[in-house]
Amino acid sequence: MSQFFQIHPENPQKRLIKQAVDIIRNGGVIVYPTDSGYALGCHLGDKQATDRIKRIRKLDDKHNFTLVCRDLSDIGVYAKVDNTQYRLLKTFTPGAYTFILHATSEVPRRLLHPKRRTIGVRVPDNVIVSELLGELGEPIMSSTLILPDETEPMTDPYEIRDLLERDLDLIIDGGFCGIEATTVVNFTGDAPEVTRVGKGDPAPFQA
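Before going into details, it helps to say that this report is about the structure given with it.

Reading the values: the criteria
Residue positions are given per chain, counting from 1 as you read along its sequence in written order. Local features are withheld for residues below a pLDDT of 70 in this predicted model, meaning they are given only at 70 or higher, and side-chain atom pairs are given and counted only at 80 or more; totals for whole chains, interfaces and linings count all residues. Heavy atoms from the whole structure form the basis of all side-chain values; hydrogens and water molecules are not counted. When accessible area is computed with a 1.4 Å probe and restricted to protein chains, residues below 20% of their type maximum are described as buried, those above 50% as exposed, and intermediate ones as partly exposed. In DSSP terms, a helix is any run of H or I states spanning at least four residues, a strand is any run of E spanning at least two, and both are numbered starting from the N terminus. Picture the helix axis, draw a direction to every C-beta atom, and the arc is the one those directions span. Contacts are assigned to residue pairs that have any heavy atoms within 4.5 Å of one another. Polar contacts, as counted here, are pairs of nitrogen or oxygen atoms within 3.5 Å of one another; within protein the pair requires one atom able to donate a hydrogen and one able to accept it, and residues that are adjacent in sequence qualify only if both atoms are side-chain atoms. What is meant by a nonpolar core is a set of buried Ala, Val, Leu, Ile, Met, Phe, Trp, Tyr and Cys residues, joined one to another through side-chain atoms within 4.5 Å. Cavity means a closed set of points on a 1 Å grid over the protein atoms alone, one where a 1.4 Å probe fits but cannot get out, pocket means an open set with protein on both sides within 12 Å along at least 5 of 7 lines, and lining means a residue has an atom within 4 Å of a point. Grid points are joined across faces, edges and corners, and a volume is the space filled by probe spheres set on the points. Candidates for patches are residues over 30% relative accessible area with no salt bridge; among them, like charges are joined within 9 Å and nonpolar side chains (Val, Leu, Ile, Met, Phe, Trp, Tyr) within 5 Å. Computed with a 1.4 Å probe, the accessible areas rest on the Shrake-Rupley method; for each residue, only the protein chains presented here act as cover. What makes a salt bridge here is a side-chain nitrogen of Lys or Arg within 4 Å of a carboxyl oxygen of Asp or Glu, nothing more. None of His or the chain ends enter the tally, which takes Lys and Arg as positive and Asp and Glu as negative. One atom stands in for each charge, and that atom is NZ of Lys, CZ of Arg, CG of Asp or CD of Glu. Only the six-membered ring of Trp is used, alongside the rings of Phe and Tyr, when aromatic pairs are assigned; centres must lie within 6.5 Å, and planes under 30 degrees apart are stacked while those over 60 apart are edge-to-face, with the rest tilted.

### Looking at helix H6 (residues 157–164)
Alright, step 1. Where H6 is concerned, the buried positions are Pro157, Ile160 and Leu164. Down the axis of H6, the smallest arc covering the buried residues is 55°, so these residues share one side.
Alright, step 2. In this structure, the buried side of H6 is in contact with strand E1 (3–6), strand E2 (30–34), strand E3 (37–43), helix H2 (47–57) and strand E9 (170–173).
Alright, step 3. The opening residue of H6 is Asp156, an N-cap whose side-chain oxygen sits 2.9 Å from the backbone nitrogen of Tyr158.

### Some thoughts on the nonpolar core
Alright, step 1. Ranked by size, the top nonpolar core spans 40 residues in total, and within it Ile75, Phe99, Ile160 and Leu168 carry the most contacts.
Alright, step 2. Beyond its immediate chain neighbours, meaning those up to four positions away, Phe99 contacts Leu89, Phe92, Thr93, Ile119, Gly120, Val121, Val185, Phe187 and Phe205.
Alright, step 3. Core analysis: the second largest hydrophobic core is formed by 20 residues, Val21, Ile24, Ile128 and Ile172 among them.

### Points about the layout of surface pockets
Alright, step 1. Roughly 490 Å³ of internal volume is contained in the largest pocket.
Alright, step 2. Considering the residues around the largest pocket, the lining is formed by 26 residues, among which His63, Asn64, Thr66, Val184 and Arg196 are closest to the centre.
Alright, step 3. When contributions to the lining of the largest pocket are tallied by element, the ones reaching two or more residues are E2, E3, strand E4 (66–68), strand E6 (97–103), strand E7 (118–122), strand E8 (140–144), strand E10 (183–186) and strand E11 (193–196).

### Structural notes on a negative patch on the surface
Alright, step 1. Taken together, the side chains of Asp149, Glu150, Asp156, Glu159 and Asp162 present a region of like negative charge at the surface.
Alright, step 2. Looking at the secondary structure, you find Asp162 in helix H6.

### Digging into the packing of aromatic side chains
Alright, step 1. Evaluated as defined, the whole model comprises 8 aromatic pairs.
Alright, step 2. Ring centres of Phe4 and Tyr158 lie 5.1 Å apart, and the angle between their planes is 45°; on these two criteria the pair is classed as tilted. One end of the pair, Phe4, is in strand E1; the other, Tyr158, is in helix H6, with 154 residues separating them in the sequence.
Alright, step 3. By relative accessible area, which is 38% here, Tyr158 ends up partly exposed.

Geometry only, nothing functional implied.
Take a look at the structure:
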């Protein structure tokens, strides 16, 4: 049975943030709010937790997981970014974008696209996420909470608890945070390519 924390979206309670991070560090799978719906998250290096997320969403090995980062300081550790890409990332983070980048060797192989060695990276514009990542001191391995056969992310923490509390260790209720997924921008080609239009404005990345 999962725990259920109501965390204030503008002034997160430090005590609950610390407890949530302890759950992540101890191998837990959590649901937490972002700026584009709720997401599943776990510790970057925890294979068992990653496998649990795959089971919840019925994902195959081709799924591109996302590293959710507090700011751009982490991105250079886990992704290969040139100067032009970095300037774009700096302009559009934090925000409702997921950027597909070539991964560095710091990213566990099981989190990568099996053929392309790419990883999704994102910096959400959400105070709770920022506080979680600041306390954790590293990115959260993440996947949008979209259940099998559904097309939209889950938005109601109470509904999430009703459906998934036996599969999770913690659900963070951070209020309503939208129903639109991120805009996905692929930076692994010669020019940025928008591969999914979502909440983030795609226009700056389209020729």
